[in-house]
Amino acid sequence: MKIAVLAVQGAFIEHEKMLAQLGIESFEIRQKKDLEQDFDGLILPGGESTVMGKLLRELELLEPLKEKIQRGLPVLGTCAGLILLAENLSNDDRIYFGTLPVTVKRNAYGRQLGSFFTKAEVKGVGEIPMAFIRAPYIESVGEGAEVIARVDGNIVGVRYGNQIGISFHPEVTDSLALHKYFTAML
Ligand code: GLN
C-alpha cells in the first residue's frame, strides 16, 4: 500500500510522519512526473488553499488528480485540503477539485481567534483530539454526503464514498486514529 501526499505547500510532513508510524509507505507529489507511479490513496494537507490551488493549476496537477478522485481514488482532505475538495465555497468564488458535494466556509471561526484545540467524536473512529487552525467548517452537505463529525453544532467532518473531508488537523495531535480509519478504506 502506498499513499501520495500532496506536498506543494502546507503541513504535508506531519501526515507523512503519521503514515510512517503506521508502517505505511508514502511519497510526495510535487510535480507532474510524480504521478507516473501507482498509489492507493491521496492526502491533501492543511495549509493555504489559495496557494495550493494556484500551484496545482500551474504544475498541471489539478486535472489529473481530479480525474483519479472521480474514478474512486480514496482521498483525505484536511482543513485547506477540505477546501480543495469542496464543490462550493460560501465566501470565495474559487473552486479547485470540486468533487465533494459540500458547501464550505473558509476561515469560518474568524481569522484571529480561529485556532483552538478540542476533542470530539468522529463516526467510525471514536473520540479524537482535533486541532483547528484558521479552520473552515462545512455549512451544508449535498446528497450522499455523510456527516461524520460535529463540533459545537458545526459540521467538521464528512464522508462521500471514497472522499473524506475534515476541517481540523489530526496530524498535529498524537492520535493516529483518523489515519488508521482512512488507510483501512484502501
Ligand atoms: N485558512 C486556510 C484556507 O483558507 C486553511 C487553514 C488550514 O489549512 N489550517 O486555506
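Residues numbered from 1 in each chain as written. Predicted model: local features only at pLDDT ≥ 70, side-chain atom pairs only at ≥ 80, totals over all residues. Heavy atoms only, no water.

A.B. asks: I keep staring at the overall build of the protein and nothing clicks. Help me out?
C.D. replies: A tally of regular secondary structure across the protein gives five helices and 12 strands. For the protein, whose C-alpha radius of gyration is 15 Å, the value lies close to the compact-globule estimate of 16 Å for 186 residues. Viewed in the frame of its principal axes, the protein has a C-alpha envelope of about 40 × 35 × 30 Å. Expressed as a percentage of the 186 residues in the protein, the buried residues total 54%. Within the protein, contacts between residues separated by at least 24 positions form 62% of all contacts whose residues are at least 6 apart in sequence. Carbon and sulfur atoms make up 45% of the accessible area of the protein, which totals about 8200 Å². On the protein, the mean spot of the 20 positive side-chain charges and the mean spot of the 24 negative ones are 2 Å from each other. (Helix = DSSP H or I, 4+ residues; strand = E, 2+ residues; numbered from the N terminus. Rg over C-alpha atoms; globule rule 2.2 N^0.38 Å. Buried < 20%, exposed > 50% of the residue type's maximum accessible area, 1.4 Å probe, protein only. Contact = heavy atoms within 4.5 Å. Areas by Shrake-Rupley, 256 points an atom, 1.4 Å probe, with all protein chains shown as cover. Lys, Arg positive; Asp, Glu negative; His and termini not counted. Charge placed at Lys NZ, Arg CZ, Asp CG, Glu CD.)

A.B. asks: Is there a simple way to think about unusual backbone geometry in this case?
C.D. replies: For residues other than glycine, phi is negative in most cases, and the peptide bonds are mostly trans. At glutamate 60, a position not held by glycine, the phi torsion is positive, near 60°. Assignment of secondary structure puts glutamate 60 in the loop between α2 (49-58) and α3 (62-70). The class for glutamate 60 is partly exposed, based on a relative accessible area of 46%.

A.B. asks: Is there a simple way to think about the site of the ligand in this case?
C.D. replies: Lining the immediate environment of the ligand, one finds Gly46, Gly47, Glu48, Ser49, Cys79, Ala80, Ile83, Arg106, Asn107, Ile133, Arg134 and His169. When the ligand is considered free in solution it has 300 Å² of accessible area, and contact with the protein chains removes 98% of it. (Near = heavy atom within 4 Å.)

A.B. asks: Before we go on, may I ask you to explain the nonpolar core in this structure?
C.D. replies: For soluble globular proteins, the rule of thumb is that nonpolar side chains tend to be buried together. Among the nonpolar cores identified, the biggest contains 33 residues, and Leu6, Ile29, Leu42, Leu65 and Phe97 are the most heavily contacted of them. Here the element with the most residues in this core is helix α4 (residues 80-85); it accounts for five residues. Ranked by size, the runner-up nonpolar core spans 27 residues in total, among them Ile24, Phe132, Val151 and Tyr181. (Core = buried A, V, L, I, M, F, W, Y, C linked by side-chain atoms within 4.5 Å.)

A.B. asks: Honestly, the side chain of histidine 169 in this entry has me stumped. Any pointers?
C.D. replies: Following the sequence through the fold, histidine 169 ends up in the loop between β12 (163-166) and α5 (177-184). Of the polar contacts made by the side chain of histidine 169, one reaches the side chain of glutamate 171; its length is 2.6 Å. (Polar contact = N/O pair within 3.5 Å; in protein donor to acceptor, adjacent residues only side chain to side chain.)

A.B. asks: Whenever I open this one, α2 confuses me. Can you help?
C.D. replies: For an α-helix, 3.6 residues make a turn, and residues three or four places apart therefore share a direction. Those residues of α2 that fall on the buried side of the exposure criterion are Ser49, Met52, Gly53 and Leu56. One side of α2 holds all its buried residues, which, seen down the axis, span an arc of 100°. Along its buried surface, α2 packs onto β1 (2-6), α3 and α4. Phi for glutamate 60, located one or two positions after α2, is positive at around 60°. (Arc of directions from axis to C-beta.)

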